[in-house]
Every structure is written in C-alpha cells, then in structure tokens.
Amino acid sequence: MNAIRKQYSLSEYPTIIKEFLKWLVLSVVIGTLVGVASAALLASLNWSTNYREANKVIIWLLPVGGLFVGLLYHYYGQSVAKGNNQLLEELNTPKDIIPFKMAPFIFIGTVVSHLFGASVGREGTAVQIGGAIADQFSGWLKMNKSNRRIIILMGISSGFAGLFGTPLAGAVFALEVLLIGKIKYNAILPCLLVAVVANFASREVAHYLHVPHTNYVINLVPKLSISTFFWCVLAGIIFGIVSTFFSKGVHFFSQFSKLIKYPPLRPVVGGTAIAVLVYFIGTKYIGLGIPTILDSFVTSMHSYDFAIKLILTTFCIAFGFKGGEVTPLFFIGATLGSALAFFFPLPIGLLAGMGFVAVFSGATNTPIACTLMGIELFGMDSGVYIAIACVTAYVFSGHTGIYTSQIVGTSKTDKYTTEEGNTLGKIDRK
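Computed from a prediction, not measured in an experiment: that's the story for all the values here.

Draft legend 1. How the structure looks around the overall build of the protein chain. Within the protein chain, the regular secondary structure consists of 16 helices and two strands. Against the globule reference of 22 Å for 430 residues, the protein chain gives a C-alpha radius of gyration of 21 Å, in line with a compact fold. With respect to the three principal axes, the spread of C-alpha positions in the protein chain is 70 × 55 × 50 Å. Going through the 430 residues of the protein chain one by one, you find that 57% of them count as buried. Across the protein chain, the fraction of contacts at a sequence separation of at least 24, relative to all contacts at a separation of at least 6, is 79%.

Now the structure itself:
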C-alpha cells in the first residue's frame, strides 16, 4: 500500500482539540478509577500475604480456596474466564462489551489465591480490572470499534501503570502487547494520559493506605565495554530461553489439569499438591515473593530458585488459580540473574535487574515496554544494559508467549515472514 501524504491545515485544529479533550477527560476518569482499584489491590495483597506468613497453617486450606475460586468461575464467571486473552481477543475482533464482573471476580480470585498460598502474580488482575472498568465507557458512550479498541488499551495501560508505578511502561505495554512487532500509534496519547493519571491516583491512595510501591535499587553499573556488551547479550539469550520454558510450562501442566473433567476440582487437586510441597520446602516460592526478589539484588541466589518458582507458578496457573504471571516472572528473572553473577563478570544487582525485566520481555513479547520499565524502576544509568537484555530476550523467546491470543504482526525472523512482509496469526504457546 502506497504511503498517504497529507498537508495539515489550520482548519483541522478544531477536530484535533475536540479529540484531545475527549481523551483527556476519559483519561482522568478512567485513570482515577483504575488507579484507586490498583491501590486497593495492592493493599489487599499486602494484607493477605502478611496474614498468610503469620499463620502458615492456612496454606493447608489452599485446596478449599481453590475450590471456591473454581466454583465461582465455573458457575458465575465463564463469560470472563479467559482473562487477559479475552481483552486481546476483543481488541483483535471487537464483539461484546467486557462484562464488568470481570473486575470483582478476578480481584476476589487473586486475593483468595494469595491468601492460601498459590504461586501467582498480580499483573493479570490489574489489567483485567482496568480493561473491565474502561470498556464500560465504550457501551455508555456508544463508541465505534476503533474508539473501543483505544478504550480497552487505556484500561490495560492504566491497570499496569497503577499497579507497578511505571506510567511510561504501562502506556507502551498496552500499545505493544496486541501485535508482536507493531505498535498502535493512534492510541499513544490516550494510553499515556491515562497511565500517568492512574499512576498518580494509585500512589496517592496507596500512600494513604500505607502500602507504597516496592523500590528496587541497582547499586553498581559499570561502564559499557566490548566485554560487558557481549556478557550482556549472552545473559539476554539465557533470559529469553528461560521465558519460553515458562510459556511452555503452562501448556504442559494444562494437559494434566484437563484430565480432571470437572473444572472446579482442578484447583483442589493443584492446591493439595502445592500445600504438601510447601510443607517440605517452605513458603519462599509461593505468593509474590517480593522479599526474595529484593534479596536477589544484593545476595547471590541458588541456581535452582528460578526453576522452582517457574514450575510452581506454571502449575498453579494451569490448575486454575488466579492472579497473573508477571511478578513471578520478575522473581524468575531476578533470581536467575543473581545466580548468573557467579559465572558472569557483571555486578549482581545489574544482572538481577536485567533478568527482572528481560524474562518478562521474552514472555510477553514487549521489549520496548520492558526497557522503559527497567529505566523507571532502576534508573537511567542501567538503561543500555536493560535494553540489550530485553531486546535479546525478546528475539530468543521465539514466537511463544504467555498470551495465547497475541497476534504476530511482524515476524522476528525471515523464516516466518510472508512475501508481503509480515505474518498474522495467533502466538504459539506449545
């Protein structure tokens, strides 16, 4: 298709201003609502984690919690059971307004999963809450398909930004996650505005609730040299390969969970297995694992820490527990990077930070968002290292990912590129 060139005139400014004001108002409203919800989620998960760690015997009730979540979704939540993939499907082929109940259902399911000790995250919860809240405005305002796509992207970006305190990463994540290799530039302004508002609202409410966002610090960043460059690339390759194990792990365990024909029993069986395992190995690998992630930046982790977390999280997700994959991916990447410090001549904190975002990059196919996230969390000094690791991991993760409804907009290699120059198809998780 030939490029279309158009000369803009002053007569277009009324339309531009009208569009700007529309998205600004919606950004303030949606960003505030989602930001408050994100802060409430942070507070709830903080409470559930503290209660569980103070009363570890409650982990034996994980099968009961799993049954509750299973019954809730089986009988009342099948219309929202696809989670993040449902948001992506509605973005690709808009059909129905996302039911608002997705927000309270995933909120409850996530808190229950964490309370009783499942190894799951929280990003999926925030993104689904954001998408469900934002999409209600599509129906109320009778928006067309194009504007509705932007509204859903605003929900995703606000949920991500509000939860992690990273507005730039949140905005770009929403734009980048839909089509691998392509970005929807027509949604840049709304996604950025709503991410900034959601981040501000979340931080203010979280501060009031005494649950501030976690601060991560890379103490030492060496000067980039030819040697450190190649070590950084090698680390990125390892992070990318490990991210594929996560994606394939969910598929692997899902094959076993589907042998249980009655879905509500799947988290019961899975919860029983996790409770027994935790009895022998302790609680280090369940829940969000924030203390271990923080330790990874200053202390060398065991070489098997990342593998245990990977197995437990993919198992829990496959057997029906709710939450998300991203914070466990942070755990996997940070502990893996920390362990690599024994072999790589790079500072432990830098390797942990690189792994923190690079494994996430490979699993979600969002290298730009993850690079920005690393810069927002760790500072600009480590930006080049973060970028190299994230992009390399993205390439070496292949055409796999945690979101099965993600579409390949531009192939990562020539082998999968058509004569027209791109490939369209659902991402492979197998």
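What follows picks up the thread again.
Draft legend 2. Representation of the nonpolar core in the model. Of all hydrophobic cores here, the largest spans 120 residues; its most connected members are M354 and F356. Leaving out residues up to four positions away in the same chain, M354 has contacts with C232, A235, F239, Y385, I386 and A389.

Draft legend 3. Looking closely at unusual backbone geometry. At K142, a position not held by glycine, the phi torsion is positive, near 55 degrees. Here K142 is to be found in the loop between α5 (123–140) and α6 (145–164). Given the relative accessible area of 72%, K142 is considered exposed. Even without being a glycine, H210 presents a positive backbone phi close to 60 degrees. Of note, H210 is situated in the loop between α8 (188–208) and α9 (226–257). On the basis of relative accessibility, which here comes to 68%, the residue H210 falls in the exposed class.

Draft legend 4. Region of the structure containing the packing of helix α7 (residues 167–177) against α8. Where α7 meets α8, the closest approach of the two axes is 8 Å, and the angle between their N-to-C directions is 140 degrees. One element, α7, and the other, α8, form an angle in the oblique class. As for the relative orientation of α7 and α8, their crossing is right-handed in sense. Mapping the contact onto sequence places P167, L168, A171, A174 and L175 in α7 and I188, C191, L192, A195, V196 and N199 in α8. Looking at the contact of α7 with α8 residue by residue, the class counts come to ten nonpolar, one polar and no charged.

Draft legend 5. Summary view of a nonpolar patch on the surface. On the surface, a cluster of nonpolar side chains totalling about 910 Å² of accessible area is made up of Y13, I16, I17, F20, L21, L24, V25, V28, V29, L33 and L189. The biggest single contributor to the nonpolar patch is helix α1 (residues 13–54), with ten residues. As for its placement among the helices and strands, L189 is situated in helix α8. Judged by relative accessible area, which is 36%, L189 ranks as partly exposed.

Draft legend 6. Representation of the environment of I226. Locating I226 in the fold gives a position in helix α9. Taking the C-alpha atoms as reference, I226 lies 24 Å from G362; in sequence the two are 136 residues apart.

Draft legend 7. Molecular detail of the environment of L178. Looking at the secondary structure, you find L178 in the loop between α7 and β1 (179–180). Judged by relative accessible area, which is 4%, L178 ranks as buried. A sequence separation of 69 residues divides L178 from S247, and the C-alpha atoms of the two residues are 17 Å apart. Among residues more than four places away in sequence, those in contact with L178 are L88, L91, N92, K184, Q406 and I407.

Draft legend 8. Up close: the packing of aromatic side chains. Per the counting criterion, the structure on display carries 26 aromatic pairs. Note on Y73 and F105: the rings are 5.9 Å apart at their centroids and 80 degrees apart in plane angle, and the pair reads as edge-to-face. Residue Y73 is found in helix α2 (residues 62–76), and its partner F105 is found in helix α4 (residues 102–116); the two are separated by 32 residues along the sequence. With a relative accessible area of 7%, Y73 lands in the buried category. When its relative accessible area of 13% is taken as the criterion, F105 is described as buried. Considering the side-chain rings of F297 and F378, the 5.6 Å spacing of their centres and the 50 degrees angle between planes classify their relative orientation as tilted. On the criterion of sequence distance, the pair formed by F297 in the loop between α11 (290–296) and α12 (305–318) and F378 in helix α15 (residues 367–378) is long-range, its members being 81 residues apart. Across the pair, F378 and F297 agree in class, each one buried. Three or more aromatic residues link up through ring pairs in this structure, and these residues are F160, F164, F173, Y216, F297, F330, F356, F360 and F378. One cation-aromatic arrangement involves K309 over F331; the distance from NZ or CZ to the ring centre is 5.1 Å.

Draft legend 9. Spotlight on the pattern of salt bridges. One pass over the structure, following the stated rule, counts seven salt bridges. Taking the shortest distance from any N to any O, the salt bridge between K22 and E19 comes out at 3.2 Å. Placement of the pair is K22 and E19 together in helix α1, with a separation of three residues, close to one helical turn. A salt bridge links E89 to K82; the nearest nitrogen and oxygen atoms lie 3.3 Å apart.

Draft legend 10. Looking closely at helix α13 (residues 326–340). Between the first and last C-alpha of α13 there are 21 Å, a value that for 15 residues agrees with the 21 Å anticipated at 1.5 Å per step. Within α13, 15 of the 15 residues are buried, which leaves the element mostly enclosed by the surrounding structure.

Draft legend 11. Quick look at α2. Here α2 contains 15 residues, and its C-alpha end-to-end distance of 21 Å stays within 8% of the 21 Å for a straight helix at 1.5 Å per residue. Among the residues of α2, L62, P63, G65, G66, V69, G70, L72 and Y73 are the ones counted as buried.

Draft legend 12. Structural detail: the side chain of H213. Relative to the assigned elements, H213 resides in the loop between α8 and α9. Engagement of the side chain of H213 in a polar contact is seen with the backbone oxygen of L163, the distance being 3.3 Å. Each residue touching H213, except ones within four places of it in the same chain, is listed here: L42, G162, L163, F164, G165, S202 and R203.

Rules of the game
Residues numbered from 1 in each chain as written. Predicted model: local features only at pLDDT ≥ 70, side-chain atom pairs only at ≥ 80, totals over all residues. Heavy atoms only, no water. Helix = DSSP H or I, 4+ residues; strand = E, 2+ residues; numbered from the N terminus. Rg over C-alpha atoms; globule rule 2.2 N^0.38 Å. Buried < 20%, exposed > 50% of the residue type's maximum accessible area, 1.4 Å probe, protein only. Contact = heavy atoms within 4.5 Å. Core = buried A, V, L, I, M, F, W, Y, C linked by side-chain atoms within 4.5 Å. Axes fitted to C-alpha atoms, helices over the stretch in contact; angles between N-to-C directions. Parallel < 35°, antiparallel > 145°, perpendicular 65-115°, else oblique. Left-handed = near helix turned anticlockwise from the far one by under 90°. Nonpolar A, V, L, I, M, F, W, Y, C, P; charged D, E, K, R; others polar. Patch = residues over 30% accessible without salt bridge, like charges linked within 9 Å, V, L, I, M, F, W, Y side chains within 5 Å. Areas by Shrake-Rupley, 256 points an atom, 1.4 Å probe, with all protein chains shown as cover. Salt bridge = Lys/Arg side-chain N within 4 Å of Asp/Glu carboxyl O. Phe/Tyr/Trp six-rings, centres within 6.5 Å; stacked < 30°, edge-to-face > 60°. Lys NZ or Arg CZ within 6 Å of the ring centre and 35° of its normal. Expected span 1.5 Å × (residues − 1). Polar contact = N/O pair within 3.5 Å; in protein donor to acceptor, adjacent residues only side chain to side chain.

Take it as geometry only, folks, not as evidence of what the structure does.
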